[in-house]
Amino acid sequence: MTAPSGSARTLVRVFTQRFSCTRRGARLARQLALVELHDWGIPETTALAADAGLVVAELAANAVLHGRVPGRDFELRMTLLEGVLRIEVSDARADRRPAVRPHAYQAESGYGLRIVDAVAAGWGVRDRLVGKTVWAELTHREERRT
């Protein structure tokens, strides 16, 4: 990821893991993402962890449902930068791309990307050598405890 000119971001943490392209793999991706965030000092009780759990669950479920290629895994990558948590889910199918228009979802596609659109500061799709990557960025701000 490149930062806009004039605003450098400092890389804090990176987590990358491949999962079987099954419903069980999607569940495991969400669970491990939350464990990793906890290890990074972002407990499950924070808004950032809750939003990240939603985004990982939706993007992983979409990879399993729409991006599955027999014998190929999907990949979850989380990058924590100062101020931003970037979540990327890559699958092996380049031909089944989501529409990156917030309210242009068709009835049969469900509400998953509407959830991502609602909680993420931004999201999109990019090509890769094999398949595609759907990414979302969540803003990270210090949460005050009362």
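Residues numbered from 1 in each chain as written. Predicted model: local features only at pLDDT ≥ 70, side-chain atom pairs only at ≥ 80, totals over all residues. Heavy atoms only, no water.

A.B. asks: Whenever I open this one, the overall build of the protein confuses me. Can you help?
C.D. replies: Secondary structure assignment for the protein yields 3 helices and 5 strands. Secondary structure of the protein in N-to-C order comes out as β-α-α-β-β-α-β-β. Of all 146 residues assigned to the protein, the portion counted as buried reaches 40%. Within the protein, contacts between residues at least 6 apart in sequence are counted, and of these 68% link residues at least 24 apart. When the accessible surface of the protein is split by element, carbon and sulfur atoms take 49% of a total near 8,800 Å². (Helix = DSSP H or I, 4+ residues; strand = E, 2+ residues; numbered from the N terminus. Buried < 20%, exposed > 50% of the residue type's maximum accessible area, 1.4 Å probe, protein only. Contact = heavy atoms within 4.5 Å. Areas by Shrake-Rupley, 256 points an atom, 1.4 Å probe, with all protein chains shown as cover.)

A.B. asks: I would appreciate a short explanation of the side chain of Lys 132 in the present structure.
C.D. replies: Its location among the elements puts Lys 132 in strand β5 (residues 132–139). Judged by its relative accessible area of 3%, Lys 132 falls in the buried class. Engagement of the side chain of Lys 132 in a polar contact is seen with the side chain of Asp 91, the distance being 2.8 Å. Here Arg 93 takes part through its backbone oxygen, which lies 2.6 Å from a polar atom of the side chain of Lys 132. (Polar contact = N/O pair within 3.5 Å; in protein donor to acceptor, adjacent residues only side chain to side chain.)

A.B. asks: Where do I start with the packing of helix α2 (residues 47–66) against helix α3 (residues 112–119) in this structure?
C.D. replies: Helix-helix packing: each pair is described by the crossing angle between the helix axes and the interaxial distance. Packing of α2 against α3 leaves a shortest axis separation of 9 Å and a crossing angle of 150°. For the element pair α2 and α3, the recorded crossing hand is left-handed. Mapping the contact onto sequence places Asp 51, Leu 54, Val 55, Glu 58, Leu 59 and Asn 62 in α2 and Gly 112, Leu 113, Ile 115, Val 116 and Val 119 in α3. A class-by-class count of the residues in the contact of α2 with α3 yields 7 nonpolar, 2 polar and 2 charged. (Axes fitted to C-alpha atoms, helices over the stretch in contact; angles between N-to-C directions. Left-handed = near helix turned anticlockwise from the far one by under 90°. Nonpolar A, V, L, I, M, F, W, Y, C, P; charged D, E, K, R; others polar.)

A.B. asks: Would you mind going over the sheet that holds strand β3 (residues 84–91) with me for this structure?
C.D. replies: Within a sheet, adjacent strands bond to each other through the backbone by hydrogen bonds, running parallel or antiparallel. Taking strand neighbours across the sheet as the criterion, the 5 strands line up as β1-β2-β3-β5-β4 in an open arrangement whose pairing is antiparallel. The open sheet has two free edges, formed respectively by β1 (11–19) and β4 (122–127), since each of these has just one partner strand. Direction aside, neighbouring strands of the sheet carry axes that sit 15° apart on average. Pairing of strand β2 (residues 74–81) with β3 involves 7 bridges; the strand directions are antiparallel. (Pairing = 2+ DSSP bridges.)

Treat this as a map of the structure, not an account of what it does.
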